[in-house]
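Listed below, chain by chain, are the residues.
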Number of protein chains: 2
Amino acid sequence: MGSVVALAGQIGGAKLADGLRRLRGGQLTVIVNTGDDYETMGLAVSPDIDTMLYTLSGIADPQRGWEPVEETYSFFDMLKRLGGPDRIPLGDRSMAMQLLRAEGLRQERRLTEITLEFCHALGINDARVLPMSDDPVRTQFITEAGDVRYHEYFSDLQCEPVVKGFFYAGADRAGLSEEIINAMYAPDLEAVVICPTNPYHTIRPILEIEGMRELLKSRGVPIIAVTPIVGGNALRGSAGKIMRELGHEVSARSVALEYYQLIDGFVIDHEDEAQVEGIRASGFDVVAAPTFMRTMEDRANLAQAVLDFAATIRAGRAAEAAG
Amino acid sequence: MGSVVALAGQIGGAKLADGLRRLRGGQLTVIVNTGDDYETMGLAVSPDIDTMLYTLSGIADPQRGWEPVEETYSFFDMLKRLGGPDRIPLGDRSMAMQLLRAEGLRQERRLTEITLEFCHALGINDARVLPMSDDPVRTQFITEAGDVRYHEYFSDLQCEPVVKGFFYAGADRAGLSEEIINAMYAPDLEAVVICPTNPYHTIRPILEIEGMRELLKSRGVPIIAVTPIVGGNALRGSAGKIMRELGHEVSARSVALEYYQLIDGFVIDHEDEAQVEGIRASGFDVVAAPTFMRTMEDRANLAQAVLDFAATIRAGRAAEAAG
């Protein structure tokens, strides 16, 4: 069995990464969006890395997957009492990574190093979690209420303003880490998986890193994306709303088109099986699978479907080359 | 009733300050030691200010007076799991002031301003808590194990190394804040009280601030110190051990001599009443009072004894001047 590189962020991304880890223990590298990272009161918050690490280490809260289970808010209660910033709740346990990360960055350590140390400390020994870059990239939501960051849009603005577009400040100057290049050049690489999550502000920032698209394409292994949209609804989050506001149809097909000229295969939900032919007509290979991940088993099942799909594409290519 | 300035730090100091506040609500200024302040992971820890604020706002833990009641340690548990610094426990609630203070200092705000805002937020409206200076002073314990800071001596080294002396780095370049000068020049000032706490690393750093001794003496109001030593034992902490190691007798008299040429009166415990004459012979006016502060009433009673003593000294001087 070969190695796999996954592009991920948010809870859907973390869940599929967890499924892939279960099937490809020790051979999984996850490249995580850091475009939503921000600093507050000397803390370095990396929402997608934190969600990934809690999920892969098995300590994510089952309902609130972006924080560790049994999170407490003693710090935040006192902070509010003292008149400190009270918009975004800071959990006591969550602050440990945020504070240690900030301390590491102040000491000019690379985010990749810091993240790999967290993996090790949390007992994540069968997957490598890598930030998409060691350089800062800051995704901006261009909205009717002005340009805002992810945490401002979601927490302060409650996802209300109409989104007109995005830009990824710093992406064109951000470098690819040695660890990402090594993972992509692993001799046994068999697939690149784009996890089911928001294409605009979770996957796109990763793809915008200078040289990333070329690197992903360069190895010629199948690149498979999984839809975060089922039956016209985003499984979680605000992807549906944003798609509508950007003028797109809310559908798996719209997500697939975001990855046009990049992916080789697209996974939709069984519920949308009727769309298979339509999406295939856009130039993608398409399969349907159960994309809801309620249980741990669901995660592994979806991962298996994705890897099987990649194997089929590889086999087809091999047959073509042989024929 | 006039105003009072108290010099304080640690738990004994905070308790007497609280007693004075009860008697002189609105007319008390407490100057607090900041020589033990330190930074860790971007947090600005001010142990003596924190103890004072928790005590005066009534939220100090009854047993562990340096932290708020019902403190939790979720952050610290996760920090240890992540391999972070694990010597000094960081409480979830306690971190709120430490983080906000650090944030304020990074924004180049004065420690005095930040502290007064905390007072206000915590509902301490009848006492002004002022750091001894807005400039950093770093008390060093000169020990057989090298020069260490307070938190290292107490937490890391468990008070074990023999203490040979102290120095107060930065004190000679530290300035007196306008707020301290104003408090000392309040027209109704009636006494300066040196609270019962370690004379070497809690009161001495305050006195070492450039110009502080002169300022305290300049107004000519009685300066009264209260012993932290009763019957040859420090009421709390390591004062006794340090006194022995510095070659002093462990007694109230040794403390009084630390304040030689500064104080006008010295308060010892009733238990040490036999020493009154001996200490008086060193040139101090001396009274005995109950110095143990177990209850809130004890705090106010000791405060009353101190203020009565100051009144007696003022009356004696007035009589002398009139005679």
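Since this is a predicted model, take the numbers as computed values, not measurements.

A. Molecular detail of the sheet that holds strand E13 (residues 265–269) of chain A. Residue and element names in this part refer to chain A. What the seven strands build is an open sheet, ordered E5-E2-E1-E9-E10-E13-E14; its pairing is parallel. Of all strands in the sheet, those bounded by a partner on one side alone are strand E5 (127–131) and strand E14 (285–289). Strand-to-strand twist of the sheet, defined as the mean angle between neighbouring strand axes without regard to direction, takes the value 20 degrees. Looking at chain direction, strand E2 (residues 28–32) and E5 are connected through five bridges and run parallel.

B. Fine view of the relation of the copies chain B and chain A. It takes a turn of 179 degrees to lay chain B on chain A, together with a shift of 0.0 Å along the axis; the resulting RMSD is 0.0 Å. Both chain copies can therefore be described as sitting about a two-fold axis. Both copies share a contact surface, since 100% of the interface residues of chain B are interface residues in chain A too.

C. Highlighting helix H3 (residues 74–81) of chain A. All of the buried residues along H3 of chain A are Ser-74, Phe-75, Phe-76, Met-78 and Leu-79 of chain A. On its buried side, H3 of chain A packs onto helix H4 (94–106) of chain A together with helix H2 (47–56) and helix H4 (94–106) of chain B. Looking one or two residues beyond H3 of chain A, the residue adopting positive phi is Gly-83 of chain A, at roughly 85 degrees.

D. Main features of the environment of Gly-26 of chain A. All names here are of chain A. Assignment of secondary structure puts Gly-26 in the loop between helix H1 (10–23) and E2. Here Gly-26 falls in the exposed class, since its relative accessible area comes to 54%. In sequence terms Gly-26 and Ala-102 are 76 residues apart; their C-alpha atoms lie 28 Å from each other.

E. Local environment of the confidence of the model for chain A. In this model, chain A carries a mean pLDDT of 94, and residues with pLDDT of at least 70 account for 99%. Quick note on the complex model: pTM equals 0.92, ipTM equals 0.92.

F. Layout of the sheet that holds strand E7 (residues 146–149) of chain B. Residues and elements named next belong to chain B. Pairing in this open sheet of three strands is antiparallel, and the strands run E7-E6-E8 from one edge to the other. Of all the strands in the sheet, the pair left with one neighbour each is E7 and strand E8 (163–169). The average angle at which neighbouring strand axes cross in this sheet is 30 degrees, direction not considered. The pairing of strand E6 (residues 138–143) with E8 spans six bridges and is antiparallel. Bridge pairing links Thr-143 to Val-163 in E8. Contacts between helix H8 (residues 199–208) and the sheet are confined to E6 and E8, with E8 contributing the most and set at about 35 degrees to the helix.

Cut-off values and rules
- Residues numbered from 1 in each chain as written.
- Chains lettered and ligands numbered in written order.
- Predicted model: local features only at pLDDT ≥ 70, side-chain atom pairs only at ≥ 80, totals over all residues.
- Heavy atoms only, no water.
- Pairing = 2+ DSSP bridges.
- Helix = DSSP H or I, 4+ residues; strand = E, 2+ residues; numbered from the N terminus.
- Axes fitted to C-alpha atoms, helices over the stretch in contact; angles between N-to-C directions.
- Least-squares fit on C-alpha atoms with pLDDT ≥ 70 in both.
- Contact = heavy atoms within 4.5 Å.
- Buried < 20%, exposed > 50% of the residue type's maximum accessible area, 1.4 Å probe, protein only.
- pLDDT = per-residue confidence, 0-100.

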